[in-house]
Amino acid sequence: MIESDDFVNAIQDAGFDFFTGVPDTILGGVLDVLSQRRVYIPSVREDEAVAMAAGAFLGGKVPVVLMQNSGLGNALNVLMSLHLIYRIPCLLIISWRGFEGNDAPEHLVMGHTMPQLMEIIRIAHRTLSRDTMADDLRWARQTVMEQRLPVALFVKKGVVKTIQP
Amino acid sequence: MRPEEGVMQSRAQAMQALFEVLSDQPVIICNGFPSREAHKIRDRAGNFYMIGSMGVAASIGLGLACARPDRRVVVFDGDGNVLMGMGTLATIGALQPRNLTHVVFDNEVYGTTGNQPSYSRVVRLDQVAKAAGYATVERVWEREDIVYEFTDMLNSDGPNFLLIKVNEQIEDVDRVALDPSEMTTRFRVAVDADQPVRSREKG
């Protein structure tokens, strides 16, 4: 399992320097570390979060948005009619609730369709693993800056240590 | 009929007054006719014209204000937009960005889609902003008051909320013809955002 500290170090080392999002259990440890480092700005909705990230990019930052995949639904319109057409990048770190159908009912449809959904709207994505973490973040940084588009990194349960057992 | 109707400006007239006060402050302008009118009245590199993503103009402004505490950031918003993203008033009230001035042109209708009534004629958006914790909230409609309050807000700590009651008149304007990705680049140059990014990439 990846320590939250190590994950945040890797994100910051890759050059990302603006963090917002909406809480999720799987990302709880990461949000905790970001808050301790006083770099996290909480949002109240995922469409607000991705729009704040867009504003941060307009101001020269390289932004990250953390969210549960249910929030991806809230964010879709802003990603499609702002980021993708204005070429505004950000790294979306999305917890993969409902992976392989092992979750509460409300997560199953999004859990099943998320990768296809991202492919349909042409947002490149990877799934985080301990062995590929450094490479995943290098890829994310390189892709957002060269293509000026959002990319997504999916985080499954049990891959990054959370604050809850 | 509203009591202030007789002296109310159109949004374009109010916008004209605001542009006369502005110097180099970046302005995020909400989608629909507000962006089209701003583009016609005073096109400048520091204007970011939204053509979609209704409801998040203030969120973009907030992100920019947080990223760039050295710049005074202005948002031109509408009542329909604020109602759609009302949670952002709470985020702004909680974060207290001192460099953010949020202007709302309130015509009480969805003017871009045919003047369907909005709830701002019964829900006072200035009172919502006040309850959310904006540092300064003003509600104006006459040109002199618009200029006075906006000038004051650009020179004092925010977050500031300027509600301008305007009539329903819409200018005869075309869609913003600029390419969106070029607008992003132009805006980033105007706020000197490309410089820090480049230096980080070298380092």
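It should be noted that the structure appears before, not after, this text.
Draft legend 1. Summary view of the interface of chain B and chain A. Contacts between chain B and chain A engage 30 residues on the former and 26 residues on the latter. Elements represented by at least two residues in the side of chain B that touches chain A include exactly α3 (57-67), α5 (87-95), α8 (180-190) and α9 (194-202) of chain B. For the side of chain B that touches chain A, the leading source of residues is α3(B), giving eight residues. Looking at the side of chain B that touches chain A residue by residue, the classes come out as 16 nonpolar, eleven polar and three charged.

Draft legend 2. Region of the structure containing unusual backbone geometry. Of note, the bond from G158(B) into P159(B) is cis; its omega dihedral lies within 30 degrees of zero at 10 degrees. Residue position: P159(B) is located in the loop between α7 (143-154) and β8 (160-165). With a phi close to 55 degrees, R38(A) is a non-glycine residue in the positive phi region. The exposure class of R38(A) is exposed, given the 7 C-beta atoms found within 10 Å. A positive phi angle is found at Q96(B), which is not glycine, with a value near 50 degrees. Within the secondary structure layout, Q96(B) lies in the loop between α5 and β4 (100-106). With 13 C-beta atoms counted inside 10 Å, the residue Q96(B) sits in the partly exposed group.

Cut-offs and rules
- Throughout this document, residue positions are counted from 1 along each chain, in the order its sequence is written.
- Lettering of chains starts at A and numbering of ligands starts at 1, both following the order in which they are written.
- Per-residue local features are limited, in this predicted model, to residues with pLDDT of at least 70; the limit for side-chain atom pairs, both in listing and counting, is 80 or more; totals at the level of whole chains, interfaces and linings are taken over all residues.
- The contact rule is simple: place each C-beta atom from the backbone, and if two of them lie within 7 Å, those residues are in contact.
- Secondary structure elements follow DSSP: runs of H or I no shorter than four residues count as helices, runs of E no shorter than two count as strands, and numbering proceeds from the N terminus.
- Ten residue types, Ala, Val, Leu, Ile, Met, Phe, Trp, Tyr, Cys and Pro, are classed as nonpolar, four, Asp, Glu, Lys and Arg, as charged, and the remainder, Gly among them, as polar.
- A residue is called partly exposed when the number of other C-beta atoms within 10 Å of its own lies between 12 and 20, exposed at 12 or fewer, and buried at 20 or more, with C-beta atoms placed from the backbone.

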